[in-house]
Amino acid sequence: MQRDFIWLWFYEIGIAADSNRTLNVDSTAMTLPMSDPTAWATAMNNLGMAPLGIAGQPILPDLPPPATRERPPGCKTVFVGGLPENGTEQIIVEVFEQCGEIIAIRKSKKNFCHIRFAEEYMVDKALYLSGYRIRLGSSTDKKDTGRLHVDFAQARDDLYEWECKQRMLAREERHRRRMEEERLRPPSPPPVVHYSDHECSIVAEKLKDDSKFSEAVQTLLTWIERGEVNRRSANNFYSMIQSANSHVRRLLNEKAAHEKDMEEAKEKFKQALSGILIQFEQIVAVYHSASKQKAWDHFTKAQRKNISVWCKQAEEIRNIHNDELMGIRREEEMEMSDDEIEETTETKETEESVSQAETLKEENDSLRWQLDAYRNEVELLKQEQGKAHREDDPNKEQQLKLLQQALQGMQQHLLKVQEEYKRKEAELEKVKDDKLQVEKMLESLKEKESCASRLCTSSQDSDYPLEKTLNSSPIKSEREALLVGIISTFLHVHPFGASIEYICSYLHRLDNKICTSDVECLMSRLQHTFKQEMTGVGASLEKRWKFCGFEGLKLT
């Protein structure tokens, strides 16, 4: 039996468009049967080329990949053109079976065929055989030679399998999403029983129980929405609604209890925070006292640096806690009335301004002490520099310059702090003046109100008959009698008289509640005891009250 031999020539390997490209290798042909894979691999190694293996890599990896058409989806079929006219299916199988399992070969009479592989990756291996020249045996006949051209091919079977695979993947994805939705979906509520007299009695008993109230009220709501209420069942539903209404007071009591617990927790937290803040204030006070000149001069530079760093850290933490406490107090103040808010804001501003002024004063003192310490160090260095030579110790000049620069910086900072301190003091004085003005305005308003009330009472008294006014006494109470005695004693000591403001200032020492208008009304009613005279000239004109009781006694 005669065996066919396949000659593959490698000096014209390349893409179809580059037909002039050649390879400078030995053009010895291989006369080995393709059915002997061991001999085939040996021959390829002798030529210095790696044979086309299972991986499907080209024999010469430096060459570009062959030009192909666009790959159809799910392509497992290749088009092979340029076959020899005398080529058979057995020869085609021997050439392409090393690329993978071949399912079917459809050969045409026009020197081309279609090969269908089992998997898609086998098509990629077969494409690397494109561009090879093939010769059958040692014949030089044109019918026994050809140049292979391998390309993708469209096949209905490949497309159908690919679509089936895509549909299967889509079904799997939908199933996965459905399972995920089922897993994340909240559980369905339990079914509600239908209305009946027996179920109505059970739900009515559950409505009276606090632990089963939620379940029972949900059942009642569902029955009402379903339209189970009619004339026959109206009384039952009314009793259940009445039972539900009885839980309102319980819920309000629970809410009040929870609010009380919350307020107590807030109060405990505020007390704990204020205690922590007090301890921070004590620690900061320790640092500030250590920064004073009496103790500061005895510390080394490293100790001073550590103390200053600790002081800054403690002040920052204290300020944070103070801001937090102030925030809690602001939240509490939001619940107050408008009048209380105004009073608390004024007091808070004054307290903050006072605290800021105190802190600035302390900082000013500490900076002044630090400045004195730096001056002492500079003087010591100057004394040491005068004793020693400059050539022996050149580093002292640098230290002196650094200390001078630090001294200048401290002076500038001290000036800024002093300016800020003066500004805060001015603001504090302004706030105090505003507060005094407001207090004076309040006092004047109170006096006007009392005068208006007195005038109203006097106008009402004037409506009474004249006989009643004559018979009534000018002194109406024991308190007014005491005032008359005190004022008479005071004016008896001052024979030239005294102004009403002077008299009231004396009375305010005894009782702060005495009003100037009341005193003036009382003295004006006792015309035989006190009299009013005008003294002075021009701008110094003044009203003075004098005691005339002895003269009035003679007249009466």
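Residues numbered from 1 in each chain as written. Predicted model: local features only at pLDDT ≥ 70, side-chain atom pairs only at ≥ 80, totals over all residues. Heavy atoms only, no water.

By the naming in an unreviewed UniProt entry, the chain goes by Ecto-NOX disulfide-thiol exchanger 2 and is assigned to Suricata suricatta. What the UniProt record of the chain gives under Sequence similarities (unreviewed entry) is the line "Belongs to the ENOX family." Recorded in UniProt for the chain, the comment headed Cofactor (unreviewed entry) runs: "Cu cation". (UniProt positions renumbered as here; feature names shortened; annotations may be inferred.)

Colleague: So what exactly am I meant to see when it comes to the packing of aromatic side chains here?
Modeller: Two measures describe an aromatic ring pair: the distance that separates the ring centres and the angle between the ring planes. Within this structure, the stated rule accounts for 6 aromatic pairs. Ring centres of Y195 and W223 lie 5.2 Å apart, and the angle between their planes is 85 degrees; on these two criteria the pair is classed as edge-to-face. With Y195 in the loop between α4 (156–184) and α5 (197–208) and W223 in helix α6 (residues 213–226), this pair connects stretches of sequence that are 28 residues apart. Between F490 and Y506 the ring centres are 4.8 Å apart and the planes differ by 25 degrees, which places this aromatic pair in the stacked class. Remark: Y506 occurs in helix α15 (residues 500–510) and F490 occurs in helix α14 (residues 478–493); sequence separation between them is 16 residues. Note on Y506: relative accessible area 32%, which makes it partly exposed. One aromatic cluster is present, built from ring pairs that chain together Y195, W223 and F237. For the cation-ring pair, R250 lies above F213, with the distance from its terminal atom to the ring centre recorded as 5.9 Å. (Phe/Tyr/Trp six-rings, centres within 6.5 Å; stacked < 30°, edge-to-face > 60°. Helix = DSSP H or I, 4+ residues; strand = E, 2+ residues; numbered from the N terminus. Buried < 20%, exposed > 50% of the residue type's maximum accessible area, 1.4 Å probe, protein only. Lys NZ or Arg CZ within 6 Å of the ring centre and 35° of its normal.)

Colleague: What's the story with α15 in this structure? I'm lost.
Modeller: An α-helical turn contains 3.6 residues, so a residue and the one three or four places further along point in the same direction. Three or more residues of α15 are buried, namely I500, I503, C504 and L507. Down the axis of α15, the buried set is contained in an arc of 95 degrees. They therefore lie on one face. Facing away from the buried side of α15 by more than 90 degrees, the exposed set consists of E501 and R509. Elements in contact with the buried residues of α15: α14, α16 (516–525) and β9 (542–547). (Arc of directions from axis to C-beta. Contact = heavy atoms within 4.5 Å.)

Colleague: Teacher, can you tell me more about the environment of P73 here?
Modeller: Along the chain, P73 falls in the loop between α1 (37–46) and β2 (77–81). Between the alpha carbons of P73 and E161 there is a distance of 9.9 Å; along the sequence they are 88 residues apart. When neighbours within four sequence positions are excluded, P73 is seen to be in contact with D158, L159 and W162.

Colleague: Sorry if this is basic, but what is going on with the UniProt feature "coiled-coil region" (unreviewed entry) in the chain here?
Modeller: Mapped onto the present numbering, the UniProt feature "coiled-coil region" (unreviewed entry) falls on residues 241–275. Annotation note: span residues 241–275, helix share 97%, strand share 0%, distance between end C-alpha atoms 52 Å.

Colleague: Just checking my understanding: could you explain the packing of α5 against α6 for this structure?
Modeller: Each pair of packed helices can be described by the angle between their axes along with the distance between the axes. Axis separation between α5 and α6 bottoms out at 8 Å; the angle between their running directions is 135 degrees. For the element pair α5 / α6, the angle class is oblique. The handedness of the crossing between α5 and α6 is left-handed. Contacts from E199, C200, V203, K206 and L207 in α5 reach F213, E215, A216, V217, T219, L220 and W223 in α6. Partitioned by chemical class, the residues of the contact of α5 with α6 number 8 nonpolar, 1 polar and 3 charged. (Axes fitted to C-alpha atoms, helices over the stretch in contact; angles between N-to-C directions. Parallel < 35°, antiparallel > 145°, perpendicular 65-115°, else oblique. Left-handed = near helix turned anticlockwise from the far one by under 90°. Nonpolar A, V, L, I, M, F, W, Y, C, P; charged D, E, K, R; others polar.)

Colleague: Sorry if this is basic, but what is going on with the packing of α14 against α16 here?
Modeller: Orientation of α14 relative to α16, taken along the N-to-C sense of each, is 80 degrees, at an axis distance of 11 Å. Between α14 and α16, the angle is such that the two are roughly perpendicular. Across the interface between the two elements, E480, L483, V484, I487 and L491 of α14 pack against V519, L522, M523 and R525 of α16. A class-by-class count of the residues in the contact of α14 with α16 yields 7 nonpolar, no polar and 2 charged.

Colleague: Explanation requested: the sheet that holds strand β4 (residues 112–117) in the structure shown.
Modeller: Where strands meet in a sheet, backbone hydrogen bonds hold them as pairs that are either parallel or antiparallel. Strands sit in the order β3-β4-β2-β7 across an open sheet of 4 strands; the sheet is antiparallel. For this open sheet the edge positions go to β3 (102–107) and β7 (149–152), each flanked by a neighbour on one side alone. Neighbour-to-neighbour, the strand axes of the sheet open up by a mean angle of 20 degrees, direction not taken into account. Two elements, β3 and β4, share 5 bridges in a ladder whose sense is antiparallel. Looking at the pairing, K107 lines up with C113 of β4. Sheet strands touched by helix α2 (residues 89–96): β2, β3, β4 and β7. Its angle to β3, the strand with the most contacts, is close to 135 degrees. (Pairing = 2+ DSSP bridges.)

Colleague: How should I be thinking about a negative patch on the surface in this particular structure?
Modeller: Where like charges cluster on the molecular surface, the negative patch consists of E425, E429, D433 and D434. As for its placement among the helices and strands, D434 is situated in helix α12 (residues 395–462). (Patch = residues over 30% accessible without salt bridge, like charges linked within 9 Å, V, L, I, M, F, W, Y side chains within 5 Å. Areas by Shrake-Rupley, 256 points an atom, 1.4 Å probe, with all protein chains shown as cover. Salt bridge = Lys/Arg side-chain N within 4 Å of Asp/Glu carboxyl O. Lys, Arg positive; Asp, Glu negative; His and termini not counted. Charge placed at Lys NZ, Arg CZ, Asp CG, Glu CD.)

Colleague: Please clarify how the nonpolar core should be interpreted in this entry.
Modeller: Where a protein is soluble and globular, its nonpolar side chains tend to be buried together. In this structure, V80, F96, I115, F117 and V150 are the most contacted members of the largest nonpolar core, which totals 23 residues. Contributing elements (two or more residues each) for this core: β2, α2, β4, α3 (121–127) and β7. Tallying contributions element by element places α3 first for this core, with 4 residues. V80 has contacts with F96, N111, F112, C113, I115, L148, H149 and V150, leaving out every residue within four places of it along the chain. In terms of nonpolar packing, the next biggest core, distinct from the first, is built from 17 residues, F490, I503, L522 and M523 among them. (Core = buried A, V, L, I, M, F, W, Y, C linked by side-chain atoms within 4.5 Å.)

Colleague: In this structure, what is going on with the environment of R544? I would like to understand it.
Modeller: For R544, the location among the structural elements is in strand β9. Taking the C-alpha atoms as reference points, R544 and K531, separated by 13 residues in sequence, lie 8.4 Å from one another. Non-local contacts of R544, meaning those with residues more than four positions away in its chain, are made with F496, G497, A498, K531, Q532, E533 and T535. A distance of 3.1 Å separates a polar atom in the side chain of R544 from the backbone oxygen of G497. (Polar contact = N/O pair within 3.5 Å; in protein donor to acceptor, adjacent residues only side chain to side chain.)

Colleague: For this particular structure, what's the right way to read the environment of E520?
Modeller: Its location among the elements puts E520 in helix α16. Once the C-alpha coordinates of E520 and I500 are considered, the two residues, 20 residues apart in sequence, prove to be 7.2 Å apart. With residues near it in sequence (within four places) discarded, E520 still touches I500 and W545.

Colleague: Which parts of the structure should I look at to understand the pattern of salt bridges?
Modeller: Two side chains of opposite charge can pair, provided their charged atoms sit close to one another. According to the stated counting rule, one finds 20 salt bridges in the structure shown. Across the pair E161 and R116 runs a salt bridge, and its minimum N-O distance is 2.9 Å. With E161 in helix α4 and R116 in strand β4, the pair connects residues that are 45 residues apart, well separated along the chain. On the basis of relative accessibility, which here comes to 10%, the residue R116 falls in the buried class. Its salt-bridge partner being E533, residue K531 comes within 3.4 Å of it at the nearest N-O pair. In this structure K531 comes out as partly exposed when scored by relative accessible area, which is 31%. Overlapping salt bridges bring together K76, R116, D158 and E161 as one network.

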